[in-house]
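# Understanding the architecture of this molecule
Residues per chain are reported as follows:
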Amino acid sequence: MSLFIVTLGFTLAISSKWAYSYFGLSSFEQIVYHIKVPLEGTNTQFIFGWMKKCLLPGLIFGLIFSWISINIAKLILLLCCIYGLCQIHFFSYVFNQFKKTDFFDKYYVESEVISPEKKMNFIHIYLESMETTYATKEDGGNADEDLLPYLTQLTKDSVSFSQNEKIGGARVLTGTGWTTGGIVASTSGLPLIFSLKHKFCKDKVPFMPNVNTLGDILEKDGYHRVFMIGSDATFGGRRSYFDQHGHYDIQDTVSLKKEGILDKDYHEFWGFEDDKLFEFAKEKILSLSKSSKPFDFEMLTVDTHHPYGYQSKNCKNVFKESLSNSIYHTDESLKDFMEWLKKQDFYKDTVIVIQGDHTSMAAEYIHDTYASNYDRRVWNAFIHSRVKPKKEKNRDFTTMDFYPTILTALGYKIKGDKLGLGTNLFGDQPTLTEEIDANRVDKEIKRNSTFYRRLM
């Protein structure tokens, strides 16, 4: 019995530390969120890593201490549990639940949004975990090698908001540091934080029912709306969000297999690789462009997902780190896609926004490859914006500011230049993190807000 108890204790303790290293967890709020949403379609690769780095060492410790009494074994289990809960920031999360905040009451804005006469097409490219760290040091990043030659030049030639004179980007705050959180932040101006009391997010459960989002606005204005990804959209609540806010045509592994576009038994990485994603995107966009209605095409890449990325048969082995090769290949794929877009008749009438969904969760890769003191930010580039920014550089902002900024790029006018917790970066109004210290903003959104709960 002591063997089992000690093994369990040490496995839990080691797992808590491993999880933050492997998944790059940003907060306990992220754990709570994923407890509440569907996990269908998750990549099961991590299970083998957990067995090797957590379960096996836990068993070894169990064998070493198998001779101790049951009471001492129980004490070890208790201490391991306390250690594990500290590692995942559980106690600070609980502490914040007892602290009320009126932050959302003060700063959340539901503003009037005026539609433009001419509706521009919109292509929104989320590049998985794309952060400014991957730019060369000369260009503002922290890489010794040029991982993103095309995206770097495209960003320099486009509108791109930065915290300095070089390539920079958006802060990641609590509730925005994973894919669904990052998408929600950039299309609703809100962090994504579920309480432990929140209902489990199934198909029929309302997802942010009292929030007006980018998808809601574009649906009202008659846009054809598509969301395309190389995985199961159900994972992480993405299907619920895009279905309930804009009724998007969701093109994922499930729908593409039903349509016969993908073989029913096909599976690579999280579903299918980006080589296929970009080709499917071309076909869908061509189809959408034949309609008299404008289109909103949202897509999310996957090959640069933590911890090691995915290397397709077309991925060049240029660098020693596998994830660096995936990043480089994404740059090549993006170049091919953008060059194709430039040849299309609808290109000049299409606003294109390229952004990371969040900073990378590949903690080991980041720690081993880049400087620990580098200010990691989310990449962004705006192409064919209908307006010019009053101040593009030396801005401090978060991914929540992309929401009103994207609408402005499409030609929408926003009264007061604020939506949700976001500020239109094309204007001259200060963002929340310019008006208030970013650490204070992050601290406040972690706290218990009745106003926020009503929105969710």
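Above this text sits the structure in question.
So, here's what we can say about the structure. (Residues numbered from 1 in each chain as written. Predicted model: local features only at pLDDT ≥ 70, side-chain atom pairs only at ≥ 80, totals over all residues. Heavy atoms only, no water.)

## Description of the overall build of the protein
- Check the secondary structure of the protein and you find 18 helices and 10 strands.
- Since a compact globule built from 456 residues should have a radius of gyration of about 23 Å, the 22 Å found for the protein is in line with a globular shape.
- Expressed as lengths along the three principal axes of its C-alpha atoms, the size of the protein is roughly 75 × 50 × 45 Å.
- The long-range share in the protein, meaning contacts at least 24 apart out of those at least 6 apart in sequence, stands at 76%.
- Per element, the accessible surface of the protein, about 19,800 Å² overall, is 55% carbon and sulfur.
- Computed over 54 positive and 57 negative side-chain charges, the separation of the two mean positions in the protein equals 5 Å. (Helix = DSSP H or I, 4+ residues; strand = E, 2+ residues; numbered from the N terminus. Rg over C-alpha atoms; globule rule 2.2 N^0.38 Å. Contact = heavy atoms within 4.5 Å. Areas by Shrake-Rupley, 256 points an atom, 1.4 Å probe, with all protein chains shown as cover. Lys, Arg positive; Asp, Glu negative; His and termini not counted. Charge placed at Lys NZ, Arg CZ, Asp CG, Glu CD.)

## Focus on the environment of tyrosine 403
- Secondary-structure assignment places tyrosine 403 in helix α15 (residues 402-409).
- Exposure remark for tyrosine 403: the relative accessible area of 2% places this residue in the buried category.
- When the C-alpha positions of tyrosine 403 and leucine 190 are compared, they lie 9.1 Å apart, and in sequence the two are 213 residues distant.
- When near neighbours in sequence (up to four residues on either side) are disregarded, tyrosine 403 contacts Ala185, Ser186, Thr187, Ser188, Gly189, Asn212, Thr213, Leu214, Ile217 and Leu419. (Buried < 20%, exposed > 50% of the residue type's maximum accessible area, 1.4 Å probe, protein only.)

## Let's talk about the packing of aromatic side chains
- As enumerated under the stated definition, the model contains 28 aromatic pairs in all.
- Each residue in the set Phe161, Phe382, Phe397, Phe402 and Phe426 is aromatic and connected to the rest through ring pairs, giving one cluster. (Phe/Tyr/Trp six-rings, centres within 6.5 Å; stacked < 30°, edge-to-face > 60°.)

## Notes on the pairing of strand β6 (residues 350-356)
- Along β6, 7 of the 7 residues are buried, which leaves the element largely enclosed by surrounding structure.
- Covered by surrounding structure in β6 are Thr350, Ile352, Ile354 and Gly356 together with Val351, Val353 and Gln355, the residues of both alternating faces.
- Looking at chain direction, strand β2 (residues 121-127) and β6 are connected through 7 bridges and run parallel. Within β6, the position partnered with histidine 124 by the bridge is valine 353.
- Where β6 meets strand β7 (residues 380-383), 4 bridges bridge the pair, whose relative direction is antiparallel. Note on β7: the bridge partner recorded for glutamine 355 is asparagine 380. (Pairing = 2+ DSSP bridges.)

## Regarding the nonpolar core
- Core analysis: the largest hydrophobic core is formed by 47 residues, its most contacted members being Phe297 and Ile354.
- Of all the elements, helix α13 (residues 322-342) adds the most residues to this core, at 8 residues.
- Among the nonpolar cores identified, the runner-up in size contains 35 residues, and Tyr126, Val184, Met400 and Phe451 belong to it. (Core = buried A, V, L, I, M, F, W, Y, C linked by side-chain atoms within 4.5 Å.)

## Structural notes on the side chain of threonine 359
- Mapped onto the elements of the fold, threonine 359 is located in the loop between β6 and α14 (363-369).
- The exposure class of threonine 359 is buried, given its relative accessible area of 13%.
- Once residues within four sequence positions are removed from consideration, threonine 359 is found in contact with Ser129, Glu131, Val172, Arg376, Arg377 and Val378.

## Notes on the sheet that holds strand β3 (residues 224-229)
- Strand order in this open sheet of 6 strands is β4-β3-β5-β2-β6-β7, and the pairing throughout is mixed. This sheet does not close on itself; its edge strands, each paired only once, are β4 (249-251) and β7. Within this sheet the neighbouring strands show an average axis-to-axis angle of 10°, counted without direction.
- With 6 bridges joining them, β3 and strand β5 (residues 295-300) adopt parallel strand pairing. Counted as the bridge partner of methionine 228 is methionine 299 from β5. (Axes fitted to C-alpha atoms, helices over the stretch in contact; angles between N-to-C directions.)

## Quick look at a nonpolar patch on the surface
- A surface patch of nonpolar side chains, amounting to about 490 Å² of accessible area, comprises Met1, Phe4, Leu8, Leu12 and Ile70.
- Tallying contributions element by element places helix α1 (residues 2-23) first for the nonpolar patch, with 3 residues.
- With respect to the secondary-structure elements, leucine 12 resides in helix α1.
- On the accessibility criterion, leucine 12 (40% relative accessible area) is partly exposed. (Patch = residues over 30% accessible without salt bridge, like charges linked within 9 Å, V, L, I, M, F, W, Y side chains within 5 Å. Salt bridge = Lys/Arg side-chain N within 4 Å of Asp/Glu carboxyl O.)

## Points about the side chain of asparagine 448
- The residue asparagine 448 is located in the loop between α17 (438-445) and α18 (450-455) in this model.
- On the accessibility criterion, asparagine 448 (17% relative accessible area) is buried.

## Topic: the packing of helix α8 (residues 179-188) against α15
- Direction vectors running N to C along α8 and α15 enclose 55°, while the axes themselves pass 5 Å from each other. Regarding the angle of α8 to α15, the classification is oblique. The segment α8 lies against α15, with Ala185, Ser186, Thr187 and Ser188 engaging Phe402, Tyr403 and Ile406.
- Its residues placed into classes, the contact of α8 with α15 shows 4 nonpolar, 3 polar and no charged. (Parallel < 35°, antiparallel > 145°, perpendicular 65-115°, else oblique. Nonpolar A, V, L, I, M, F, W, Y, C, P; charged D, E, K, R; others polar.)

## Considering unusual backbone geometry
- For the peptide bond that leads from histidine 306 to proline 307, omega is 0°, which places it in the cis range.
- For methionine 208, which is not glycine, the phi dihedral falls at a positive 50°.
- Structurally, the position occupied by methionine 208 is in the loop between α8 and α9 (214-220).
- Phi angles above zero are rare outside glycine, and phenylalanine 269 is one such case at about 60°.
- The topology assignment puts phenylalanine 269 in the loop between α11 (253-258) and α12 (274-289).
- For phenylalanine 269, a relative accessible area of 12% puts it in the buried group.

## Some thoughts on the packing of helix α7 (residues 149-157) against α13
- Running from amino to carboxyl end, α7 crosses α13 at an angle of 50°, the nearest separation of the two axes being 7 Å. The pairing of α7 with α13 is recorded here as oblique in orientation. Counting all contacts with α7, which are made through Pro149, Tyr150, Leu151 and Leu154, the residues of α13 involved are Tyr328, Asp331, Leu334, Lys335, Met338, Glu339 and Lys342.
- Classifying every residue of the contact of α7 with α13 by side-chain character gives 7 nonpolar, no polar and 4 charged.

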